[in-house]
Amino acid sequence: MTASAIDYALDGARRAIARLGGTSDPRVIAHAAAEAAFWIAAVDEGLGGKAERGAYVEARRQGAVDDLMTGIRFVRNASVHSELARIAISAGGLTIPFTVPFSIPVIPRWIDEAPPSGYESQRRSYMRELAGKDVVPTLERAADWLAQYQSGDG
């Protein structure tokens, strides 16, 4: 994967992540999360040619993102092969004072449980790194780490 392809893919992931904050529509949220997972997984799988793959995998482990990337791959695979990313949506808390009219922010979270699948190691990583957590910060963390790695800082 060339540097420009990585840049385009990370831009696609960041645009999808940005759409997550701009809506309360569960379908748009699920689509945007699945798209971001697709782009992140594409970069993750494409980084490092065969000769460099071992170094990339080691950097992932040292960066404490191994389970995160594998969990995101689980979301991507589930979205592609069986179902769109399932996300629990909850309303954020209100603070006082507030202005009128006011809106209640929507907080998308990954579902707490992932069904058994043919990707059991990915499922376990999902349960460790994503289950029950806010969607946006987990995707941002993955995209940020990939960008740092690609720039030589990871």
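Now for a quick tour of the structure. Computed from a predicted structure; not experimentally measured.

What follows deals with helix α3 (residues 53–62). For α3, the set of buried residues is Tyr 56, Ala 59 and Arg 60. Looking straight down α3, one finds its buried side chains confined to an arc of 105°; they lie on one side. The outward face of α3, more than 90 degrees from its buried face, is lined by the exposed residues Gly 54, Ala 55, Arg 61 and Gln 62. For α3, the elements touching its buried residues are α2 (26–46), α4 (66–81) and α6 (135–151). Backbone geometry just downstream of α3 places Ala 64 in the positive-phi region, at approximately 60°.

The subject of this paragraph is the pattern of salt bridges. This structure, assessed with the given rule, holds 16 salt bridges. Put simply, Arg 19 and Glu 35 hold a salt bridge, and the shortest N to O gap is 2.4 Å. With Arg 19 in helix α1 (residues 3–20) and Glu 35 in helix α2, this residue pair connects regions lying 16 residues apart in the sequence. Residue classification places Arg 19 among the partly exposed residues on the basis of a relative accessible area of 36%. Here Arg 76 ties to Glu 45 by a salt bridge, and the two come within 2.7 Å at their closest N and O atoms.

Attention shifts here to unusual backbone geometry. Unusually for a residue other than glycine, Ala 64 sits at a positive phi of about 60°. Relative to the helices and strands, Ala 64 is located in the loop between α3 and α4.

Ile 40, Ile 72, Trp 110, Tyr 126, Leu 139 and Leu 146 are the most contacted members of the largest nonpolar core, which has 36 residues in total. For this core, the secondary structure elements donating two or more residues are α1, α2, α3, α4 and α6. If we ignore the near neighbours within four places in the chain, the residues touching Tyr 126 are Gly 71, Phe 74, Val 75, Trp 110, Ile 111, Ala 114 and Ala 131.

Before going further, it helps to spend a moment on the side chain of Arg 73. Relative to the assigned elements, Arg 73 resides in helix α4. Relative accessible area serves as the criterion here: at 15%, Arg 73 is assigned to the buried category. With residues up to four places along the chain from it excluded, the contact list for Arg 73 reads Ala 41, Asp 44, Glu 45, Arg 60 and Gln 122.

Bringing the environment of Arg 73 into the picture now. Between the C-alpha atom of Arg 73 and that of Ala 41, which follows or precedes it by 32 residues, the distance is 5.4 Å. For Arg 73, the side chain forms a polar contact with the side chain of Asp 44, separated by 2.8 Å.

Turning next to the environment of Arg 141. Turning to its location among the elements, Arg 141 is positioned in helix α6. Arg 141 gets classed as partly exposed once you look at its relative accessible area, which sits at 35%. Sequence-wise, Arg 141 and Met 69 are 72 residues apart; in three dimensions their C-alpha atoms are separated by 9.8 Å. Discounting residues that sit within four places of it in the chain, Arg 141 has contacts with Ala 64, Val 65, Leu 68 and Glu 129.

This part takes up α2. With 21 residues, α2 should reach 30 Å at 1.5 Å per residue; the first-to-last C-alpha distance of 30 Å fits that figure. All of the buried residues in α2 are Ile 29, Ala 30, Ala 32, Ala 33, Ala 34, Ala 36, Ala 37, Ile 40, Ala 41, Ala 42, Val 43 and Asp 44.

Here we take up the environment of Asp 25. Take Asp 25: it is sitting in the loop between α1 and α2. As a C-alpha pair, Asp 25 and Val 106 span 81 residues in sequence and 9.2 Å in three-dimensional space. A distance of 2.9 Å separates a polar side-chain atom of Asp 25 from the backbone nitrogen of Arg 27.

Attention shifts here to the packing of α4 against helix α5 (residues 120–129). α5 packs onto α4 with a crossing angle of 115° between their chain directions and a minimal axis gap of 7 Å. Of the two elements, α4 crosses α5, and the hand of that crossing is left-handed. Each of Asp 67, Leu 68, Thr 70, Gly 71, Arg 73, Phe 74, Val 75 and Asn 77 in α4 lies in contact with α5, whose residues at this interface are Ser 121, Gln 122, Arg 123, Ser 125, Tyr 126, Arg 128 and Glu 129. Of the residues that constitute the contact of α4 with α5, the class distribution is four nonpolar, six polar and five charged.

Parameters and conventions
Residues numbered from 1 in each chain as written. Predicted model: local features only at pLDDT ≥ 70, side-chain atom pairs only at ≥ 80, totals over all residues. Heavy atoms only, no water. Buried < 20%, exposed > 50% of the residue type's maximum accessible area, 1.4 Å probe, protein only. Helix = DSSP H or I, 4+ residues; strand = E, 2+ residues; numbered from the N terminus. Arc of directions from axis to C-beta. Contact = heavy atoms within 4.5 Å. Salt bridge = Lys/Arg side-chain N within 4 Å of Asp/Glu carboxyl O. Core = buried A, V, L, I, M, F, W, Y, C linked by side-chain atoms within 4.5 Å. Polar contact = N/O pair within 3.5 Å; in protein donor to acceptor, adjacent residues only side chain to side chain. Expected span 1.5 Å × (residues − 1). Axes fitted to C-alpha atoms, helices over the stretch in contact; angles between N-to-C directions. Left-handed = near helix turned anticlockwise from the far one by under 90°. Nonpolar A, V, L, I, M, F, W, Y, C, P; charged D, E, K, R; others polar.

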